[in-house]
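The lines below spell out each chain.
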Amino acid sequence: MAPATQQPTPSETITIDASSESNNVTITGKIYTRVRLATKSDLPHIYQLFYQIHEYHNYTHLYKATESSLEGLLFKENPLPLFYGPSVLLLEVSPTPFNEPTNEGFKPVLTTFDLKFPVVEGQVEEFRSKYDDKSDAYIAGYAFFYANYSCFYDKPGFYFESLYFRESYRKLGMGKLLFGTVSSIAANNGFISVDGIIAVWNKKSYDFYINMGVEVFDEFRYGKLHGENLQKYADKNGEGSC
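Residues numbered from 1 in each chain as written. Predicted model: local features only at pLDDT ≥ 70, side-chain atom pairs only at ≥ 80, totals over all residues. Heavy atoms only, no water.

Draft legend 1. Representation of the overall build of the protein chain. A tally of helices and strands in the protein chain yields 5 helices and 8 strands. Ordered by position from N to C terminus, the α and β elements of the protein chain give β-β-α-α-β-β-β-β-β-α-β-α-α. In the protein chain, which comprises 242 residues, the share counted as buried stands at 37%. In the protein chain, 74% of the contacts between residues at least 6 apart in sequence involve partners at least 24 apart. By element, 51% of the accessible surface of the protein chain is carried by carbon and sulfur atoms, the whole surface being about 15000 Å². (Helix = DSSP H or I, 4+ residues; strand = E, 2+ residues; numbered from the N terminus. Buried < 20%, exposed > 50% of the residue type's maximum accessible area, 1.4 Å probe, protein only. Contact = heavy atoms within 4.5 Å. Areas by Shrake-Rupley, 256 points an atom, 1.4 Å probe, with all protein chains shown as cover.)

Draft legend 2. Inspection of the nonpolar core at higher detail. Core analysis: the biggest nonpolar cluster contains 36 residues, and Ile31, Leu91, Tyr169 and Met174 have the highest contact counts within it. For this core, the secondary-structure elements that each account for two or more residues are β1 (25-27), β2 (30-37), β3 (87-94), β6 (138-148), β7 (157-165), α3 (174-188) and α4 (203-211). The dominant element in this core, judged by the number of residues it contributes, is α3, at 7 residues. Not counting the four nearest positions on each side in its chain, Met174 is found in contact with Ile31, Thr33, Leu91, Val93, Phe113, Phe165 and Tyr169. Counting 17 residues, the second largest nonpolar core, distinct from the first, contains Leu43, Leu90, Phe127 and Tyr164. (Core = buried A, V, L, I, M, F, W, Y, C linked by side-chain atoms within 4.5 Å.)

Draft legend 3. Representation of the sheet that holds β3 within the structure. With respect to topology, 6 strands assemble into an open sheet ordered β4-β2-β3-β6-β7-β8, the strand pairing being mixed. Unpaired on one side and paired on the other, β4 (109-114) and β8 (194-195) mark the two borders of the sheet. As defined by bridge partners, β6 adjoins β7 across 8 bridges and the pair is classed as antiparallel. Paired with Tyr146 across the strands is Tyr159, a residue of β7. (Pairing = 2+ DSSP bridges.)

Draft legend 4. Quick look at the pattern of salt bridges. All chains considered together, the criterion is met by 10 salt bridges. Here Asp132 and Arg34 are joined by a salt bridge, their closest N and O atoms 2.9 Å apart. Residue Asp132 is found in the loop between β5 (119-121) and β6, and its partner Arg34 is found in strand β2; the two are separated by 98 residues along the sequence. The exposure class assigned to Arg34 is buried, which follows from its relative accessible area of 4%. When the shortest N-O distance is used, the salt bridge between Asp136 and Lys134 registers 2.9 Å. (Salt bridge = Lys/Arg side-chain N within 4 Å of Asp/Glu carboxyl O.)

Draft legend 5. Region of the structure containing unusual backbone geometry. Here Phe83, not a glycine, exhibits a phi torsion of approximately 75 degrees, which is positive. Here Phe83 lies in the loop between α2 (67-74) and β3. With a phi angle near 65 degrees, Lys171 is a residue other than glycine that sits in the positive phi range. Counting through the fold element by element, Lys171 comes out in the loop between β7 and α3.

Draft legend 6. Local environment of helix α1 (residues 43-56). Look at α1: 20 Å from first C-alpha to last across 14 residues, which is about the 20 Å you get at 1.5 Å a residue. Looking at α1, one finds that the buried residues are Leu43, His45, Ile46, Leu49, Phe50, Gln52 and Ile53. On the buried face of α1, the contacting elements are α2, β3, β6 and β7. Backbone geometry just after α1 places Asn58 at a positive phi near 60 degrees. (Expected span 1.5 Å × (residues − 1).)

Draft legend 7. View of the confidence of the model for the protein chain. Summing up the model confidence of the protein chain, the mean pLDDT is 89 and the portion of residues at 70 or higher is 88%. Confidence over residues 1-21 falls short of pLDDT 50; this stretch has 49 contacts with residues more than four positions distant or in other chains. (pLDDT = per-residue confidence, 0-100.)

Draft legend 8. Structural view of the packing of aromatic side chains. Evaluation of the coordinates by the stated rule reveals 18 aromatic pairs. Here Phe145 and Phe158 contribute two aromatic rings whose centre-to-centre distance is 4.9 Å and whose plane-to-plane angle is 55 degrees, an arrangement assigned as tilted. You can see Phe145 sitting in strand β6 and its partner Phe158 sitting in strand β7, a full 13 residues away along the chain. In textbook terms, an aromatic cluster arises when at least three aromatic residues are bridged by ring pairs, as seen for Phe50, Tyr142, Phe144, Tyr146, Tyr159 and Tyr164. A cation over an aromatic ring shows up here: Arg166 above the ring of Phe127, its NZ or CZ 4.0 Å from the ring centre. (Phe/Tyr/Trp six-rings, centres within 6.5 Å; stacked < 30°, edge-to-face > 60°. Lys NZ or Arg CZ within 6 Å of the ring centre and 35° of its normal.)

Next up, the structure:
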């Protein structure tokens, strides 16, 4: 499913144009990737990526999050056990190999892709990783998921909320790596399933999830109570408040 995890010596065909004027890095030959759990230092990048997926779906008018509100959602002072609360995996790319990961709650996944065409990182400063002292690592995409529950099962599953890559990093096979990593976490930690919404209008996305082994249940429809319809149920006396 995912490319080999060997970290070879950088290819001689890699070229880098990191001048401040162009704000570009062009990678050819091989590209090195790291999938890791997001930290609080990633909040500016997460905020931008969440905005971009709203932009992709023409839903920017619905985007209400701020960096501060995302911090409260993703990085609580007393968090739930690992992967039970809202979790973000980030996929980083680099023209040079990543260091082997140290012992962490989630061990980052290192992978190498052979490129068939050049990849241009056009927002070097905006998406430069702040995770460690590696200065040539850039945030390419994310997966957002959290534990969910059902009366049909005696164990939790994952609700896979969204998967997104910036335009330069699409069609490279990285979606398989990122979704596969989430699925591996579920399978290795006793979660019963990975559930989510699949856009039937997006054939490429639909086919992607089918090819990853996802089963689609046509007899169920997605429903959502929100906005004014939800507020009709508000207890005006506050008796239903938590």
